[in-house]
Amino acid sequence: MIKLDRRILTHFDFIQPFLIIPIIAISYILVSEANDILANKQLVYFGIGFVSFCIAFLLPIRRIDWIIPMFYWVCIVLLLSVDIFGVSKLGARRWLEIPFVHFTLQPSELMKPAFLLMLAYLVKQRPPEAEGYGLKDFLRLSFYILLPFALIMKEPDLGTALILLIVGYTILFVIGVNKKIWICIILVIGFSAPVLYENLHDYQKKRIHDFIAEEPSYHVKQSIIAIGSGGLKGKPKDEATQTHFKFLPIATSDFIFAYNIERFGFYGALLLLGLYGALITHLLSLNYGLKNDYFTQVTATGIAALIFVYVGVNVSMTIGFAPVVGVPLPFFSYGGSSFVTFMVLFGILQNLLTFRFDQTYRSVKFKF
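Rules used throughout
- Residues numbered from 1 in each chain as written.
- Predicted model: local features only at pLDDT ≥ 70, side-chain atom pairs only at ≥ 80, totals over all residues.
- Heavy atoms only, no water.
- Helix = DSSP H or I, 4+ residues; strand = E, 2+ residues; numbered from the N terminus.
- Buried < 20%, exposed > 50% of the residue type's maximum accessible area, 1.4 Å probe, protein only.
- Contact = heavy atoms within 4.5 Å.
- Areas by Shrake-Rupley, 256 points an atom, 1.4 Å probe, with all protein chains shown as cover.
- Axes fitted to C-alpha atoms, helices over the stretch in contact; angles between N-to-C directions.
- Parallel < 35°, antiparallel > 145°, perpendicular 65-115°, else oblique.
- Left-handed = near helix turned anticlockwise from the far one by under 90°.
- Nonpolar A, V, L, I, M, F, W, Y, C, P; charged D, E, K, R; others polar.
- Core = buried A, V, L, I, M, F, W, Y, C linked by side-chain atoms within 4.5 Å.
- Expected span 1.5 Å × (residues − 1).
- Bend = angle between axes of the 7 residues up to and from the residue.
- Salt bridge = Lys/Arg side-chain N within 4 Å of Asp/Glu carboxyl O.
- Patch = residues over 30% accessible without salt bridge, like charges linked within 9 Å, V, L, I, M, F, W, Y side chains within 5 Å.
- Phe/Tyr/Trp six-rings, centres within 6.5 Å; stacked < 30°, edge-to-face > 60°.

## Quick notes on the overall build of the chain
For the chain, the count of helices and strands is 13 helices and three strands. Here the chain, with 368 residues, has 49% of them falling under the buried criterion. Across the chain, contacts joining residues at least 24 apart in sequence account for 74% of those joining residues at least 6 apart. Summed over all atoms, the accessible surface of the chain reaches about 19300 Å², with 69% contributed by carbon and sulfur.

## Some remarks on unusual backbone geometry
Unlike most non-glycine residues, Ile250 shows phi in positive territory, near 50 degrees. Within the secondary structure, Ile250 is located in the loop between α10 (241-244) and α11 (256-290). With relative accessibility at 44%, the residue Ile250 sits in the partly exposed group.

## Focus on the packing of helix α2 (residues 36-58) against helix α13 (residues 337-354)
Viewed as axis vectors pointing N to C, α2 and α13 meet at an angle of 30 degrees, and their least axial separation amounts to 7 Å. By the angle between their directions, the pair α2 and α13 is classed as roughly parallel. Note that α2 runs across α13; the crossing there is right-handed. For the pair α2 and α13, the contacting residues are Tyr45, Phe46, Ile48, Gly49, Phe50, Ser52, Phe53, Ala56, Phe57 and Leu58 in the first and Phe339, Val340, Met343, Val344, Phe346, Gly347, Ile348, Gln350, Asn351 and Thr354 in the second. Its residues assigned to classes, the contact of α2 with α13 comprises 14 nonpolar, six polar and no charged.

## Focus on the side chain of Gln222
Summarising the element assignment, Gln222 is placed in helix α9 (residues 218-230). What Gln222 contacts, discounting residues up to four positions off in sequence, is Gln242, Phe247, Leu248 and Pro249.

## Concerning the nonpolar core
Formed by 100 residues in total, the largest nonpolar core has its most connected members in Met111, Leu283, Ile307, Leu329, Phe331, Phe332 and Phe346. Not counting the four nearest positions on each side in its chain, Phe332 is found in contact with Ile23, Ile26, Ser27, Leu30, Ile256, Asn260, Leu272 and Tyr276.

## Section: helix α4 (residues 107-125)
Spanning 19 residues, α4 covers 26 Å between terminal C-alpha atoms, matching the ideal 27 Å at 1.5 Å per step. Along α4, the sharpest change in direction is near 25 degrees and occurs at Pro113. Across the 19 residues that make up α4, a large majority, 16, are buried.

## What about the environment of Ala304?
Assignment of secondary structure puts Ala304 in helix α12 (residues 294-318). Sequence spacing of Ala304 and Val167 is 137 residues, and the spatial spacing of their C-alpha atoms is 8.9 Å. Not counting the four nearest positions on each side in its chain, Ala304 is found in contact with Ile280, Leu283 and Leu284.

## A short note on the pattern of salt bridges
Scanning all chains against the criterion turns up seven salt bridges. Between Glu33 and Arg263 there is a salt bridge; the shortest N-O distance is 2.7 Å. You can see Glu33 sitting in helix α1 (residues 15-34) and its partner Arg263 sitting in helix α11, a full 230 residues away along the chain. According to the relative accessible area criterion, Arg263 is buried, its value standing at 12%. Across the pair Asp137 and Arg140 runs a salt bridge, and its minimum N-O distance is 3.6 Å. Separated by three residues within a single helix, Asp137 and Arg140 lie in helix α5 (residues 135-153), roughly one turn from each other.

## With respect to the environment of Leu151
Here Leu151 lies in helix α5. If near-sequence neighbours (up to four positions away) are discounted, Leu151 is found in contact with Ile76, Leu79 and Leu80.

## A short note on a nonpolar patch on the surface
A cluster of nonpolar residues, Phe50, Val51, Ile55 and Leu59, forms a patch on the protein surface that exposes about 390 Å² of accessible area. Positionally, Ile55 belongs in helix α2.

## Comments concerning the packing of aromatic side chains
What the rule picks out here adds up to 21 aromatic pairs. When the centroid spacing of 5.3 Å and the interplanar angle of 90 degrees are considered together, the rings of Tyr72 and Trp73 count as edge-to-face. In textbook terms, an aromatic cluster arises when at least three aromatic residues are bridged by ring pairs, as seen for Tyr28, Phe46, Tyr310, Phe331, Phe339, Phe342 and Phe346.

## Comments concerning α11
Over its 35 residues, α11 runs only 35 Å from end to end, short of the ideal 51 Å by more than 12%, given 1.5 Å per residue. Approximately 125 degrees is the largest bend angle found in α11, and it occurs at Phe264. Downstream of α11 by a residue or two, Lys291 has a phi angle that is positive, lying close to 45 degrees.

## A short note on the environment of Leu271
Topologically, Leu271 is positioned in helix α11. Residue Leu271 is classed as partly exposed on the basis of its relative accessible area of 46%. Between the C-alpha atoms of Leu271 and Pro22, which are 249 residues apart in sequence, the distance is 9.7 Å.

Rendered as structure tokens:
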């Protein structure tokens, strides 16, 4: 059990909720204006997310870090099970149905915290040398990155798979890997790109074709119209015709950034991106004060990279600079899976930051 006292408040990172809560508030305003039913569901997701944050925050993570490899491999087994017992939706097999209650679980979402915790655990167990990780350690860590990447890509869910891949190697780049290894990786990717493209699914090739085509797809075209109509200050909610007349597809989820600009204009986009930028910068700046605490460094860097990739891909998609993929904006797009996942991740990070000086909370070796 964790004995809570007032001293933990001195180590709690209040900057994170200060930046995240406005993002959630703006999101709820937009969703409630677009659809009352979705707004009520989103309140439920907020409640589940808050409870999930509290659970993650109160778990003695450093003390029970021996369980992290088990958590990782359970998620791998769930990903393998998708191919056998998975439920198909829209041509993709990504979900497992929970017996008797008829709810579905998406193992790739559960994999995200397991993935970051596993990398943090491995780096903590064997920190990098002065010149960074050598080839042997790099390949060892790459195995834990590439395994979930391959399983998720097979579902197929190329977007989530690529995000985990980018986040994993971003962590290794920040923690430290010998520069010769990076040069070799760049060369291999360059030469193998045509082969990788040929092995994509037809719908994935179509998305790339739509992206490079002279004429944008219908979704992107309507998104650009919504963005352009917002101007500097946006429109009153009754005049946001692209959204309320259903021209803008998936306005509360994948294309909510375009909806945000239609309502609040360029200034609204600047505010939202400013909050994300400040949050990412703050998370990366934590590394300077953590020094030898590799576990927390990996977690903070991983969450920062995850947010950066999600925001970068989603925003680029809505303005026609990237293929259309189902990547939500963290804490902003309507939905429960992504919101709860990020709340868990921030609960874990706050746990590691708040209790890092508590000697009764340090890790112990588990004896079988």
